[in-house]
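Topology and contacts: notes
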Amino acid sequence: MRTVREFDYERDMERFFNRIVWIENACYRFPWPRQVISETLEPSPVRKCFLLLEDDILNGVSFYDAVLDEATLNKHSIIPERQGLGLGGLLLREGMSMLRERYGVMRFYLDVRESNIPARRLYTSQGFTETGIRKNYYHAPHGYENAVLMERIFRAEEA
């Protein structure tokens, strides 16, 4: 069974922290350090994390910063062997839905590597539009890579 739920520090930190670090390292060439992940998971009125569980196994995680009616998606990760199965869309939809319902978020922003065509397709399929380029933003194997800026704004009737 697939479920998406918000990370609960007291219940989830000990149980899922090492798996979240593993997912980060499996998904990214330049992963966040353990300390950054730990700090990001600490209780905060701004930082939000959502977990994708399949039969109680953590296979995806997303991190947001949410302030007032806006949220920025900072990380969106599905373990490599489960990518391409619709799980990224599920985690994205459910995370945005919970942010809208629980916190009143109506505007979502993200940036993505220009070369990450599968992620750009995922975000576009979920209603995001490309709004600009941030030049030389990401570290790359031979220098830097541009970030594509994207946004999704919900109308009041979609809340």
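A short tour of the structure in this document, coming up. Everything numeric in this text was worked out from a predicted model, so none of it was measured.

**What to know about the layout of surface pockets**
Looking at the largest pocket, its volume works out to about 1,100 Å³. Forming the boundary of the largest pocket are 38 residues, of which Y28, H76, V112, N116 and A119 lie nearest the centre. Counting only elements with at least two residues in the lining of the largest pocket, the list comes to β4 (70-78), α3 (87-103), β5 (107-113), α4 (117-125) and β6 (129-140). For the lining of the largest pocket, the leading source of residues is β4, giving seven residues. Each residue belonging to the lining of the largest pocket can be placed in one class, and the counts come to 18 nonpolar, 13 polar and seven charged.

**Focus on the sheet that holds β4**
One open sheet holds the seven strands; their spatial order is β1-β2-β3-β4-β5-β7-β6, and the pairing between them is mixed. Each edge of the open sheet carries a strand with a single partner, namely β1 (2-6) and β6. On average, adjacent strands in this sheet sit at an angle of 25° to one another, irrespective of strand direction. Looking at chain direction, β4 and β5 are connected through four bridges and run parallel. Among the inter-strand pairings, L73 is bridged to a residue of β5, identified as L110. Sheet strands in contact with helix α1 (residues 9-27) are β1, β2 (47-54), β3 (57-67) and β4, and its direction is about 95° off that of β3.

**Some remarks on unusual backbone geometry**
Non-glycine residue D55 carries a positive phi angle of around 50°. Locating D55 in the fold gives a position in the loop between β2 and β3. For D55, a relative accessible area of 57% corresponds to the exposed category. We note that L68 has phi near 55°; this positive angle belongs to a residue other than glycine. Inspection of the secondary structure assignment puts L68 in the loop between β3 and β4.

**A short note on the packing of aromatic side chains**
In the structure shown here, the tally under the stated rule is six aromatic pairs. Between Y64 and F108 the ring centres are 6.3 Å apart and the planes differ by 75°, which places this aromatic pair in the edge-to-face class. Of the two residues, Y64 sits in strand β3 while F108 sits in strand β5, which places them 44 residues apart along the sequence. Assigned by exposure class, Y64 and F108 land together as buried. Each ring, one from Y137 and one from Y138, has its centre 5.1 Å from the other, and the planes form 80°; the classification is edge-to-face. The exposure class assigned to Y137 is partly exposed, which follows from its relative accessible area of 42%. Taken together, the ring pairs connect F50, Y64, F108 and F154 into an aromatic cluster.

**Quick notes on the pattern of salt bridges**
One pass over the structure, following the stated rule, counts 11 salt bridges. A salt bridge links E54 to R2; the nearest nitrogen and oxygen atoms lie 3.1 Å apart. Residue E54 is located in strand β2, and its partner R2 is located in strand β1; the two are separated by 52 residues in the primary sequence. One salt bridge connects R15 with D56, and the closest N-O pair in it is separated by 2.5 Å. One end of the pair, R15, is in helix α1; the other, D56, is in the loop between β2 and β3, with 41 residues separating them in the sequence. By relative accessible area, which is 43% here, R15 ends up partly exposed. Salt bridges here are not isolated pairs; linked through shared partners, they connect R2, E54 and R82.

Calculation rules
- Residues numbered from 1 in each chain as written.
- Predicted model: local features only at pLDDT ≥ 70, side-chain atom pairs only at ≥ 80, totals over all residues.
- Heavy atoms only, no water.
- 1 Å grid on protein atoms, 1.4 Å probe; cavity = no way out; pocket = protein on both sides within 12 Å on 5 of 7 lines; lining within 4 Å.
- Points joined across faces, edges and corners; volume = space filled by probe spheres on them.
- Helix = DSSP H or I, 4+ residues; strand = E, 2+ residues; numbered from the N terminus.
- Nonpolar A, V, L, I, M, F, W, Y, C, P; charged D, E, K, R; others polar.
- Pairing = 2+ DSSP bridges.
- Axes fitted to C-alpha atoms, helices over the stretch in contact; angles between N-to-C directions.
- Contact = heavy atoms within 4.5 Å.
- Buried < 20%, exposed > 50% of the residue type's maximum accessible area, 1.4 Å probe, protein only.
- Phe/Tyr/Trp six-rings, centres within 6.5 Å; stacked < 30°, edge-to-face > 60°.
- Salt bridge = Lys/Arg side-chain N within 4 Å of Asp/Glu carboxyl O.

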